[in-house]
Amino acid sequence: MEDRFIIGSAKERAVSSPQRDLGNAQLNPSREEPRKKLCGYLNKLGVKGPIKAWKSRWFFYDENKCHLLYCRTAQDVNPLGSIDLSSAGFDCKVDADEGVFEIRTPSRVFILKAFSKQAMMYWLQQLQMKRWAFCNTQTGLPVDSVTAAALPANESLLNETIHTEGEGFLPPVKTPTDVVGLKAASLPAPQLSDALQNISLKHPWTEIQNTIYNICGTRQHPGNGRSISGAECPGTFSSLPFVACIPAWHREIIVQQPCQLLKETGFSGPAATSFRAGAVLPVVVCCDDHSMSPQELVKLLHKALEAAQQEKRASSMYLTAAEDRDRLELVRHKVRQIVELSSRVEALETDKQELEQSVALRDRRVEELQEHVQLLMDKNQAKQQVILKLTEQIAQDLSEPVQEADAVAADTLYKQQEEIEHLKDDLDAYRTQNQFLNSEIHQVTKLWRSVAEKEKVLLMKCARLQARSCQVESKYLMMLRRLQEASPDLARGEAELVKSLIQEALQWDAKEEAVEALQLNPVREYDDYGFMTIPKYEAEDWKLLAKIQALEIKSNNLLSHTAVEKPLGERWAGMAELSPSAELKGLIRCGIPVEHRQRVWKWIVTRRLSHHHAANHYESLLRQCERTEHPASRQIELDLPRTLTNNRHFTSPTSQLVPKLRRVLLAFSWQNPAIGYCQGLNRLAAIALLVLEEEESAFWCLVHIVENLMPADYYSNTLIASQVDQRVFKDFLSEKLPRLTAHFEQHRIDVSLITFNWFLVAFVDSLVSDILLRVWDAFLYEGTKVIFRYALAIFKYNEEEILQIHDSLEVYQYLRFFTHMIGDGRKLMSIAFNDMNPFPMKVLQNRRATHREELEAELSELERIKAQYVKEQAEQVAWHLDGAVSEEEEEM
Amino acid sequence: MMAIRELKVCLLGDTGVGKSSIVCRFVQDHFDHNISPTIGASFMTKTVPCGNELHKFLIWDTAGQERFHSLAPMYYRGSAAAVIVYDITKQDSFHTLKKWVKELKEHGPENIVMAIAGNKCDLSDLREVPMKDAKEYAESIGAIVVETSAKNAINIEELFQGISRQIPPLDSHENGNNGAIKLGKQTTQTTRRCC
Ligand SMILES: Nc1nc2c(ncn2[C@@H]2O[C@H](COP(=O)(O)OP(=O)(O)OP(=O)(O)O)[C@@H](O)[C@H]2O)c(=O)[nH]1
Ligand SMILES: [Mg+2]
């Protein structure tokens with residue numbers, strides 16, 4: 001790099017002076033293309049080659065592909081390589097040499113050097129603009145209107161126009177016209193120490209092709225070459241590759257006498273070609289050519305004369321030959337001669353070609369040598385300058401020996417000044433770098449954002465398609481299941497077919513997973529709370545059901561995730577402070593997002609329990625547990641390993657939650673001795689633990705449910721309140737869903753056999769986890785009415801299907817499963833809170849009261865009968881003891 | 001074509017004795033160590049051939065905890081048979097069994113077939129209830145008795161086959177299981193056992 005400066009002076013002259021002349025005389029500025037073409041010479045650091053060195057390359061931008069192509073000179077046809085800008089980032093480093101910048105593509109880093117800082121900035125800015133323009137034109141995605149409408153924000157982003165570019169980070173850089181643009185093509189490739197260096201070692205074939213093309217192009221069609229040289233470079237010589245190597249002083253002459261130069265360099269145009277043709281007629285043409293020297297003309301005429309004379313001799317011989325035979329002989333002789341001559345012509349022709357090739361090679365060699373000479377001369381000149389300078393300095397030093405005293409001070413001052421200069425330079429460099437990097441970051445961020453939006457749109461579309469496919473698949477499986485159930489009635493062959501189809505369907509997943517390398521919306525095995533997303537049924541005929549269920553849920557998840565949950569999440573995020581309001585109620589009904597659930601539940605529970613929420617209450621209950629064993633502890637112990645068996649936090653042997661659950665349940669059994677422990681409380685506490693994590697919070701949540709939300713005696717000895725609620729529920733069912741109730745009555749279906757545990761454990765283990773938690777959100781906030789609403793909604797959701805079943809057994813079978821098959825939580829929610837309106841609390845309370853009275857009366861009646869029976873039995877026994885023979889004995 | 005008869009069967013017994021496990025083994029031939037405790041009840045069906053009939057069992061598996069007893073009438077009402085399960089490793093559960101038998105006799109349907117299952121017989125090392133006690137008791141009330149293991153699939157099929165055999169054939173017993181709750185004195189149906 002040391003000789004860069006030395007070359008500098010020579011280069012400057014070479015570049016600036018002729019350019020000015022040419023620009024005025026020959027270039028028509030109005031002929032510039034409407035869109036400025038981005039092109040120009042840059043030095044490129046060869047990376048992979050054996051030698052790391054700068055190589056001069058002609059870079060030009062391809063709009064269509066957003067590629068930056070490069071070749072050795074502007075005249076080359078085949079580019080040596082290309083850089084994909086659409087995915088590239090740009091960078092410039094302060095500590096790099098002046099004008100050095102980088103283009104980073106995912107696969108490679110290109111290090112390039114412009115001839116000045118300004119040029120570099122120009123390039124960087126242009127590249128950014130090109131990239132931006134390209135990325136914005138690529139928006140033609142197959143995104144349908146629905147999705148696009150769903151993302152209005154996205155659209156406006158995509159439509160940001162190019163002139164917002166820069167955003168004030170980087171002032172637009174003036175085009176350095178002398179080094180970039182089409183005009184630069186007419187200029188010599190900027191010099192490096194050795195022109196040979198420019199030849200790409202990696203692309204020997206392209207190099208040769210380009211060279212040949214250049215040579216041929218200049219020889220045969222001067223002024224009619226490719227668009228670059230043709231449009232912008234009238235004059236033949238400017239497209240000659242070697243001109244670049246001609247020293248500057250020589251060039252002055254060239255400019256003055258282009259024709260002479262043409263001859264000197266051997267690239268004589270039409271004259272030479274016609275001369276080689278050697279025919280008589282062209283001689284005339286030759287004569288016309290004013291550039292022929294007289295000697296050559298005379299020589300040519302001589303030759304023509306000779307040929308004419310020879311011909312004359314031969315024809316006279318022919319005429320003199322007396323006989324036909326002789327004449328024939330003569331003709332034959334002539335024919336032979338002709339053949340011979342034509343073969344000689346052929347030979348000469350090949351000779352000529354070979355010679356032409358060798359001439360081409362020589363030309364190249366000459367070119368290189370000229371370059372070399374130029375280089376040496378440059379060096380020489382630089383050295384001379386140095387010598388001159390040194391001599392001057394010596395002379396100066398000698399002339400001022402007196403000032404030596406001041407020299408030291410001046411020296412340090414000078415050094416400091418120099419340092420300041422350096423620092424200023426650095427500062428400047430950093431500032432530009434900073435500016436550039438800011439604009440780069442800005443643009444890349446914008447690009448990234450728009451790409452991310454596009455990706456989101458596509459993912460959404462993909463999700464919807466997947467959802468559709470899931471739905472279709474699940475419908476198909478449902479049909480298969482129906483057929484399977486009906487299979488005893490089917491013909492043997494059909495039954496076999498159904499069976500094989502089922503087998504096939506069950507194996508789909510495995511196959512798909514193997515094929516699909518990239519899973520866009522993978523079904524996770526466990527959800528956020530550790531619930532298995534796909535139930536594991538061992539029994540064969542249940543597998544189909546599990547599959548249907550998983551598909552339904554997947555399709556619904558896919559749909560809801562993309563469409564609804566995002567805006568809701570935003571509203572939640574804006575709700576830092578929680579306070580009871582209609583809005584909050586509505587939001588909670590829609591389901592609390594996972595990331596807010598814990599906070600909201602905690603808030604709900606503490607709000608309702610604040611009055612007896614003593615700080616160490618839980619602790620003291622735990623201490624009591626240690627002191628005395630509660631009679632319920634045996635049952636608790638029995639149920640601990642049987643709690644939420646579809647959740648990995650409870651089933652794992654090293655579970656942290658099981659001991660917590662034990663303590664919560666034991667503490668509760670002391671907190672509420674009337675209840676102690678009721679099977680089912682374990683599930684309630686387990687859900688509370690999963691969400692709240694902290695065991696004390698979970699304990700209070702359990703207390704909240706049992707003591708605040710549920711009516712008294714829901715879990716106590718006779719579960720009387722639970723039984724009452726079943727009757728109340730039946731009332732509501734007949735009121736809200738009369739058709740279904742009639743259907744149940746017709747088939748003697750007692751729904752409470754199914755619904756009893758829905759109420760007791762608030763749907764735990766009945767509903768799919770994410771719907772369950774949504775139900776719980778509202779349940780914890782609003783109370784048991786929510787359970788009624790959802791219980792009714794579950795029937796409503798499946799009403800039509802139940803009405804289709806006309807066999808009581810099958811109805812029961814269906815009811816056993818149907819809660820698990822509900823996948824569309826939003827639909828269920830909307831049924832529960834819209835379709836089931838009105839649902840006044842007053843009615844619920846009244847019904848509870850009346851049914852409770854009835855039930856208590858019934859129970860006491862039953863007790864009475866029981867007591868009577870016992871009394872009768874006792875009397876009977878007494879009678880037996882009196883000696884009567886028992887009935888059994890009698891019959892024996 | 002064979003006639004299909006629907007037979008409602010309920011499972012009663014103390015909590016954790018393995019009622020659900022027995023049903024699961026019978027219906028799905030599967031055993032799950034950590035089967036959830038039953039709340040209320042759960043329902044399953046299975047059809048097995050018996051003689052020239054098909055018996056379709058409608059099985060109601062009830063919750064074992066004491067406080068769910070009050071719900072039991074919903075399930076044993078109209079049952080053709082009741083399987084009362086105890087755990088051979090728990091004397092308590094045998095005691096609970098006796099209470100269930102008593103309740104069935106008092107409030108259960110007439111002619112209900114009772115089958116006693118001493119479950120977890122794979123854990124005979126921990127046995128608390130001798131086989132003899134169960135046999136004697138079953139005899140005294142005229143019930144079928146088997147020791148079963150849901151875990152190792154021992155005697156599960158046999159248990160239900162036994163029940164099937166106890167069900168009187170259709171023609172001779174047309175309106176047998178009409179679901180009436182018997183509240184009065186028990187009659188001596190039990191002696192009509194055929195095996
Ligand atoms: N070793 C052994 N364990 C069994 C057997 N049957 C059930 N168990 C276990 O006993 C426990 C209780 O089984 P369940 O089937 O839930 O008992 P249950 O009678 O239905 O209990 P509740 O639903 O609470 O009334 C489970 O952990 C089973 O794994 C058996 O045959 N052998
Ligand atoms: Mg059970």
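Procedures and definitions
- Residues numbered from 1 in each chain as written.
- Chains lettered and ligands numbered in written order.
- Predicted model: local features only at pLDDT ≥ 70, side-chain atom pairs only at ≥ 80, totals over all residues.
- Heavy atoms only, no water.
- Helix = DSSP H or I, 4+ residues; strand = E, 2+ residues; numbered from the N terminus.
- Contact = heavy atoms within 4.5 Å.
- Areas by Shrake-Rupley, 256 points an atom, 1.4 Å probe, with all protein chains shown as cover.
- Donors = N, O, S within 2.8 Å, 3.2 Å for Na, K, Ca; no water.
- Buried < 20%, exposed > 50% of the residue type's maximum accessible area, 1.4 Å probe, protein only.
- Pairing = 2+ DSSP bridges.
- Axes fitted to C-alpha atoms, helices over the stretch in contact; angles between N-to-C directions.
- Near = heavy atom within 4 Å.
- Polar contact = N/O pair within 3.5 Å; in protein donor to acceptor, adjacent residues only side chain to side chain.
- pLDDT = per-residue confidence, 0-100.
- Core = buried A, V, L, I, M, F, W, Y, C linked by side-chain atoms within 4.5 Å.
- Patch = residues over 30% accessible without salt bridge, like charges linked within 9 Å, V, L, I, M, F, W, Y side chains within 5 Å.
- Salt bridge = Lys/Arg side-chain N within 4 Å of Asp/Glu carboxyl O.
- Phe/Tyr/Trp six-rings, centres within 6.5 Å; stacked < 30°, edge-to-face > 60°.
- Lys NZ or Arg CZ within 6 Å of the ring centre and 35° of its normal.
- UniProt positions renumbered as here; feature names shortened; annotations may be inferred.
- Expected span 1.5 Å × (residues − 1).
- Parallel < 35°, antiparallel > 145°, perpendicular 65-115°, else oblique.
- Left-handed = near helix turned anticlockwise from the far one by under 90°.
- Nonpolar A, V, L, I, M, F, W, Y, C, P; charged D, E, K, R; others polar.

To continue, consider the overall build of chain A. A tally of helices and strands in chain A yields 35 helices and seven strands. Of the contacts made within chain A by residues no fewer than 6 positions apart, 71% connect residues no fewer than 24 positions apart. Carbon and sulfur atoms provide 56% of the accessible area of chain A, an area that totals close to 49,700 Å².

A word on the coordination of the magnesium ion (ligand 2). All names here are of chain B. Within the first shell, the magnesium ion (ligand 2) binds the protein through Ser20 (OG) and Thr38 (OG1), at distances of 1.9 to 2.0 Å. Of this pair, Ser20 sits in helix α1 (residues 19–28) while Thr38 is found in the loop between α1 and β2 (41–50), placing the two residues 18 residues apart along the sequence. Note on Ser20: relative accessible area 13%, which makes it buried.

The subject of this paragraph is the sheet that holds strand β5 (residues 113–119) of chain B. All names here are of chain B. The mixed open sheet is built from six strands, whose spatial order is β2-β3-β1-β4-β5-β6. Single-partner strands in this sheet number two, and they are β2 and β6 (144–147). Neighbour-to-neighbour, the strand axes of the sheet open up by a mean angle of 25°, direction not taken into account. In the packing of helix α4 (residues 131–141) onto the sheet, the strands contacted are β4 (81–87), β5 and β6, and the crossing angle to β6 comes to about 160°.

Let us now look at the site of ligand 1. Near ligand 1 you find 25 residues, and of these Arg642(A), Lys19(B), Ser20(B), Ser21(B) and Thr38(B) are the closest. Of the chains in the model, those with residues near ligand 1 are chains A and B. In the environment of ligand 1, an oxygen atom lies 2.8 Å from a nitrogen or oxygen atom belonging to the side chain of Thr15(B). Here an oxygen atom of ligand 1 and a side-chain polar atom of Lys120(B) are 3.1 Å apart. When ligand 1 is considered free in solution it has 650 Å² of accessible area, and contact with the protein chains removes 93% of it. With three residues, α1(B) is the largest single contributor of residues to the shell around ligand 1.

Residue and element names in this part refer to chain A. Reading across the sheet, the seven strands line up as β4-β3-β2-β1-β7-β6-β5 and stay open at both edges, with antiparallel pairing between neighbours. The two strands at the open ends of the sheet, each matched to only one other strand, are β4 (81–84) and β5 (89–92). Recorded for the sheet is a direction-independent mean angle of 35° between the axes of neighbouring strands. In this sheet, strand β2 (residues 54–62) lies alongside strand β1 (residues 39–45) in antiparallel orientation, the contact comprising seven bridges. Across the sheet, Asn43 pairs through a bridge with Ser56, a residue of β2. Lying on the sheet, helix α2 (residues 117–137) is in contact with β1, β2, β3 (67–71), β5 and β6 (100–104); it crosses β5 at an angle near 165°.

Right, let's talk about the confidence of the model for chain A for a bit. The predicted coordinates ought not to be read in detail in places where the model reports low pLDDT. Residue and element names in this part refer to chain A. Mean pLDDT for chain A: 76, with 72% of residues reaching 70 or above. The low-confidence segment residues 141–166 (pLDDT under 50) makes 34 contacts with residues lying over four places distant or belonging to another chain. Counting contacts from residues 221–289, a segment whose pLDDT is below 50, to residues more than four positions away or on other chains yields 72 contacts.

Residues Leu681(A), Tyr715(A), Phe744(A), Phe763(A), Trp776(A), Phe795(A) and Leu815(A) are the most contacted members of the largest nonpolar core, which totals 153 residues. Excluding residues that lie within four positions of it along the chain, Phe795(A) makes contacts with Phe729(A), Leu733(A), Leu737(A), Leu740(A), Phe744(A), Val751(A), Thr755(A), Trp758(A), Ile802(A), Leu815(A) and Phe818(A).

Right, let's get into a nonpolar patch on the surface. Residues and elements named next belong to chain A. Taken together, the side chains of Tyr318, Leu319, Val331, Val335 and Val339 present a nonpolar region at the surface, about 450 Å² in accessible area. Top contributing element to the nonpolar patch by residue count: helix α13 (residues 324–399), with three residues. Locating Val339 in the fold gives a position in helix α13. The exposed category is assigned to Val339, whose relative accessible area is 52%.

With the rule as written, the count across this model stands at 31 aromatic pairs over all chains. Centre to centre, the rings of Trp758(A) and Phe763(A) are 5.7 Å apart; their planes meet at 40°, and the pair counts as tilted. For the pair Trp758(A) and Phe763(A), one class covers both residues: buried. A network of ring pairs unites the aromatic residues Phe729(A), Phe732(A), Phe744(A), Trp758(A), Phe759(A), Phe763(A), Phe788(A), Phe795(A), Tyr814(A), Phe818(A) and Phe839(A) as a single cluster. Positioned above the aromatic ring of Phe26(B), the side-chain terminus of Lys46(B) is 5.1 Å from the ring centre. A cation over an aromatic ring shows up here: Lys98(B) above the ring of Tyr137(B), its NZ or CZ 5.6 Å from the ring centre.

So, about the pattern of salt bridges. One pass over the full model with this rule turns up 33 salt bridges over all chains. Its salt-bridge partner being Glu53(B), residue Arg5(B) comes within 3.5 Å of it at the nearest N-O pair. Taken together, the residues Arg5(B) in strand β1 (residues 3–13) and Glu53(B) in strand β3 (residues 53–62) connect sequence positions 48 residues apart. As far as burial versus exposure is concerned, Arg5(B) and Glu53(B) are alike and both buried. Taken together, the salt bridges that share partners define one network made up of Lys117(A), Asp428(A) and Arg431(A).

On to the UniProt feature "coiled-coil region" (unreviewed entry) in chain A, then. Residue and element names in this part refer to chain A. Mapped onto the present numbering, the UniProt feature "coiled-coil region" (unreviewed entry) falls on residues 338–386, 413–440 and 841–875. Within residues 413–440, the helical portion is 100% and the strand portion 0%, while the C-alpha atoms at the span's ends are 40 Å from each other. Counted over residues 841–875, helix gives 100% and strand 0%. Its end C-alpha atoms are 50 Å apart.

This part takes up the environment of Gln75(A). Summarising the element assignment, Gln75(A) is placed in the loop between β3 and β4. Sequence-wise, Gln75(A) and Trp58(A) are 17 residues apart; in three dimensions their C-alpha atoms are separated by 8.8 Å.

This part takes up helix α23 (residues 657–671) of chain A. Residues and elements named next belong to chain A. Over its 15 residues, α23 extends 20 Å from the first C-alpha to the last, a length consistent with the 21 Å expected when each residue adds 1.5 Å. Residues of α23 that are buried include every one of Leu657, Val658, Leu661, Val664, Leu665, Leu666, Ala667, Phe668, Ser669 and Gln671, and no others. The elements touched by buried residues of α23 are α20 (617–627), α21 (633–639), α22 (648–651), α24 (681–692) and α25 (695–709).

Next up on the list: the packing of helix α19 (residues 594–609) of chain A against helix α29 (residues 769–782) of chain A. Residue and element names in this part refer to chain A. Their axes nearest at 10 Å, the elements α19 and α29 cross at an angle of 25°. Judged by the inter-axis angle, α19 sits roughly parallel to α29. Our pair here, α19 against α29, has a crossing hand that is left-handed. Contact with α19, carried on its side by Arg597, Trp601, Trp603, Ile604 and Arg607, involves Leu773, Arg774, Trp776, Asp777, Leu780 and Tyr781 of α29 and no other residues of that element. Classifying every residue of the contact of α19 with α29 by side-chain character gives seven nonpolar, no polar and four charged.

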